[in-house]
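# Coordinate inspection notes
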Amino acid sequence: MLPEDQRPVEEENAFAQFGVFVHGILEQHALNKLAVFELLDAYADGFDKAVSEGFPPNSYCDLRNLYFNDGFAFFQQFDGLTDCAGNDYEVLAVEQFIKTPMQGFWFRGYIDLLLKDAQGRLIVHDWKSLGRFKSKAAMREYRRQLYLYSKWVYEHEKRMPDVLQFHLFRKQRTEAFNFQQSDYDEALQWAADSVAEICACKKYPPSVDPFFCAHLCGYRNVCEWGAGDKR
Ligand code: SF4
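Summary of the structure given here. Everything numeric in this text was worked out from a predicted model, so none of it was measured. (Residues numbered from 1 in each chain as written. Predicted model: local features only at pLDDT ≥ 70, side-chain atom pairs only at ≥ 80, totals over all residues.)

Our next topic: the overall build of the protein. The helix and strand tally for the protein stands at seven helices and five strands. Sequence-ordered secondary structure for the protein, helices as α and strands as β, is α-α-α-β-β-β-α-β-β-α-α-α. Taken against the 2.2 N^0.38 rule, which gives 17 Å for 231 residues, the C-alpha radius of gyration of the protein at 19 Å falls within 12% of a compact globule. Taking the principal axes of the C-alpha coordinates as reference, the protein spans close to 55 × 45 × 35 Å. The buried share among the 231 residues of the protein stands at 19%. Across the protein, every contact between residues at least 6 apart in sequence was considered, and the portion connecting residues at least 24 apart equals 59%. (Helix = DSSP H or I, 4+ residues; strand = E, 2+ residues; numbered from the N terminus. Rg over C-alpha atoms; globule rule 2.2 N^0.38 Å. Buried ≥ 20, exposed ≤ 12 C-beta atoms within 10 Å, placed from the backbone. Contact = placed C-beta atoms within 7 Å.)

The backbone phi angle of Asn-32 is positive, close to 65°, even though this residue is not glycine. Looking at where Asn-32 falls in the secondary structure, it is placed in the loop between α1 (14–30) and α2 (36–50). For Asn-32, a count of 9 C-beta atoms within 10 Å puts it in the exposed group. Of note, the phi angle at Lys-158 is positive, near 60°, even though the residue is not glycine. Take Lys-158: it is sitting in the loop between α4 (136–157) and β4 (163–168). Overall, Lys-158 belongs to the exposed group, with 7 C-beta atoms counted inside 10 Å.

Along the chain, the position of Glu-12 falls in the segment before α1. C-alpha of Glu-12 to C-alpha of Glu-53: the two residues are 41 residues apart in sequence and 7.2 Å apart in space.

Our focus in this paragraph is the environment of Pro-56. Here Pro-56 lies in the loop between α2 and α3 (63–77). As a C-alpha pair, Pro-56 and Ala-214 span 158 residues in sequence and 9.1 Å in three-dimensional space. Sequence-distant contacts of Pro-56, that is, excluding residues within four places in its chain, are made with Leu-63 and His-215.

With that settled, consider the packing of α1 against α2. In the contact formed by α1 and α2, the axes pass within 10 Å of each other and the chain directions differ by 150°. Relative to α2, the element α1 is oriented roughly antiparallel. Here the hand of the crossing between α1 and α2 comes out right-handed. Of the residues in α2, those touching α1 at Gln-17, Phe-21, Ile-25 and His-29 are Val-36, Leu-39, Ala-42, Tyr-43, Gly-46, Phe-47 and Ala-50. Along the lines of polarity and charge, the residues of the contact of α1 with α2 split into eight nonpolar, three polar and no charged. (Axes fitted to C-alpha atoms, helices over the stretch in contact; angles between N-to-C directions. Parallel < 35°, antiparallel > 145°, perpendicular 65-115°, else oblique. Left-handed = near helix turned anticlockwise from the far one by under 90°. Nonpolar A, V, L, I, M, F, W, Y, C, P; charged D, E, K, R; others polar.)

Attention now moves to the site of the ligand. Around the ligand sit Pro-206, Val-208, Phe-212, Cys-213, Cys-217, Tyr-219, Arg-220, Cys-223, Trp-225 and Gly-226, and that is every residue in its neighbourhood. Looking at the shell around the ligand residue by residue, the classes come out as eight nonpolar, one polar and one charged. (Near = placed C-beta within 6 Å.)

Formed by 29 residues in total, the largest nonpolar core has its most connected members in Leu-114, Val-124, Tyr-149 and Val-153. When contributions to this core are tallied by element, the ones reaching two or more residues are α1, α2, α3, β2 (106–116), β3 (122–128), α4 and α5 (181–200). The contacts of Val-124, once residues within four sequence positions are left out, are Ile-111, Leu-114, Leu-146, Tyr-149, Ser-150, Val-153, Pro-161 and Leu-164. (Core = buried A, V, L, I, M, F, W, Y, C linked by C-beta atoms within 7 Å.)

With that out of the way, let us pick up the pairing of strand β5 (residues 173–178). Judged from the six bridges that link them, β4 and β5 form a sheet pairing that is antiparallel. Following the sheet pairing, Gln-165 is matched in β5 by Ala-176. Here β4 folds back onto β5 in antiparallel fashion, the turn holding four residues, of which Gln-172 has a positive phi close to 55°. (Pairing = 2+ DSSP bridges.)

In structure tokens, the structure reads:
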């Protein structure tokens, strides 16, 4: 690996900027720095500056307008951190940095929100800028992220979370799951196996996805595969 001062600068992309921007507004709200009625203006006023990169061209729609409008609709209807019955959640942690030992490595991450509902249930909440999960299998893969967070929750709250939930804010959709020990065990084993596989690898051939390489990869401007396709 190159020394840090010789590594190329990682490029941003519009999708990531959009996600970071919306997360930032929601974080300010969860920390009581922005009231619910201030969120829509914060979004509309800040969008162009925060999402400075261009979206890729698309034959069917203007992606910039689409994303802006989805975010606008979300903040228009958002009425605070409440459950589906309108009860306020108790906010236990916001953008919580976590670090927890796994099988021979450290797992690090940020939990968007750790909440407690009116019934006393612990909820790991994650904002997603996806419109939807592509399939049930894809959703199960994403869910591992929340199970890995659950290990840290157990270490700090002395109990596992009761509910893991995603909110897909572009389509205002919540996907919630009751915690299952078997899925937790599977996620930890998957993480351990994945890290072992990476460590055992001697060569890292590029896995080229033309769209990802051209528009999303942080190294698209310095990698030969990224520079080659700007569709
Ligand atoms: S092959 Fe694609 S994903 Fe890998 S570094 Fe190059 S541009 Fe990025």
